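Structural overview for review
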Amino acid sequence: MTVLITGATAGIGAACARRFALHGARLVLVGRRAHRLDTLAHELGKLVPIHTLELDIRNRSAVQQELAELPAEFATLDVLVNNAGIALGLEPAQRSDLDDWVATVETNIMGLLYCTHAILPGMVARNKGHIINLGSVAGSYPYPGGHVYCGTKAFVHQFSLAMRADLLGTKVHVTSIEPGKVQSELAQVRFKGNAARAAAVYADTEPMTPDDIADVIHWCVTRPAHANINSIELMPVDQAFNPLAVHRARI
Ligand code: NAP
């Protein structure tokens, strides 16, 4: 099995790389931080063949070129894990930085589309493959300050289901994985290096681990070929739903 994972340099992507390597998959690992890719390649290269791509998935032409020019031993991809993603800021929409909105859409939607568009036709031609898209509970349940992040993850959910509609009649699988709180670098990125705010996200609670999600992703791609897992939503037992908010004021 050959697996390409975007955002392999941290969190869920790195956990997926380790889990798939333990199960003998050859790996294409994508991310922007070259030193992290090198470290991971050194660690996992003892187990399986590894190809690293220092790549910003927002760069449409670079994604197209790099994925079209994969070395022959890595070019036949069985699994694409569209994992790279960001959340930026937690200000209300009316006070958000437009650059944060653009970067979030370019990464979580456009980057995912560039990778999918480059890899999907080969899977269809071979009549074999599995695309795993990282959505989020944020795609189903909005929260204050979530605005564009929530919107991008709703896109991921619906795009995943709609792709399956197009793929009917092929053996290509698509799954949307929709986690709640996972301890990773996502909060550090969201709060732009403010360690205290990032740590507060996980304080006094037990979030899921990146490996919990990697476990579910590996399970999805190892189901019998006649089954497609459309979507999976999972949360820590320490997380649940708020009631709808009501504004009260004297009138
Ligand atoms: P993370 O620890 O911050 O990892 C994000 C990864 O994405 C990093 O490897 C980062 O690598 C990569 N990345 C970001 N922008 C990129 C770009 N433009 N090009 C290439 N790679 C890029 O976050 P995580 O929690 O593992 O998140 C992984 C996915 O799970 C995301 O899609 C996220 O929305 C989703 N998710 C996370 C949670 C959670 O609570 N953590 C919950 C639900 C869903 P470089 O910086 O090296 O490029």
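Definitions and limits used
Residues numbered from 1 in each chain as written. Predicted model: local features only at pLDDT ≥ 70, side-chain atom pairs only at ≥ 80, totals over all residues. Heavy atoms only, no water. Near = heavy atom within 4 Å. Polar contact = N/O pair within 3.5 Å; in protein donor to acceptor, adjacent residues only side chain to side chain. Areas by Shrake-Rupley, 256 points an atom, 1.4 Å probe, with all protein chains shown as cover. Helix = DSSP H or I, 4+ residues; strand = E, 2+ residues; numbered from the N terminus. Nonpolar A, V, L, I, M, F, W, Y, C, P; charged D, E, K, R; others polar. Contact = heavy atoms within 4.5 Å. Buried < 20%, exposed > 50% of the residue type's maximum accessible area, 1.4 Å probe, protein only. Lys, Arg positive; Asp, Glu negative; His and termini not counted. Salt bridge = Lys/Arg side-chain N within 4 Å of Asp/Glu carboxyl O.

The subject of this paragraph is the site of the ligand. Taken together, 30 residues surround the ligand, and among them T9, I12, R32, Y149 and S184 come closest. In this structure, an oxygen atom belonging to the ligand sits 2.8 Å away from a main-chain N or O atom of N83. Protein burial of the ligand: of its 890 Å² of free accessible surface, 96% is covered by the chains. If you list the elements that add at least two residues to the shell around the ligand, you get helix 1 (11–22) and helix 5 (147–167). Here the shell around the ligand is built from residues that sort into twelve nonpolar, eleven polar and seven charged.

Here the focus is the side chain of D78. The residue D78 is located in the loop between helix 3 (60–68) and strand 4 (79–82) in this model. Within the structure, D78 has its side chain in polar contact with the backbone nitrogen of T2 (distance 2.7 Å). Polar contacts involving the side chain of D78 include one to the side chain of K128, which spans 2.9 Å. Not counting residues within four places of it along the chain, the set of residues in contact with D78 comprises M1, T2, M123, K128, G129 and H130.

Within the secondary structure, E178 is located in strand 6 (residues 172–179). It is K153 that comes nearest to the buried, bridge-free E178 among opposite-charge side chains, at 9.8 Å. At 2.6 Å, the side chain of E178 and the side chain of S176 are in polar contact. Those residues within four positions of E178 in sequence are excluded, and the remaining contacts are G135, S136, V137, S140, H157, S231, I232, E233 and L234.

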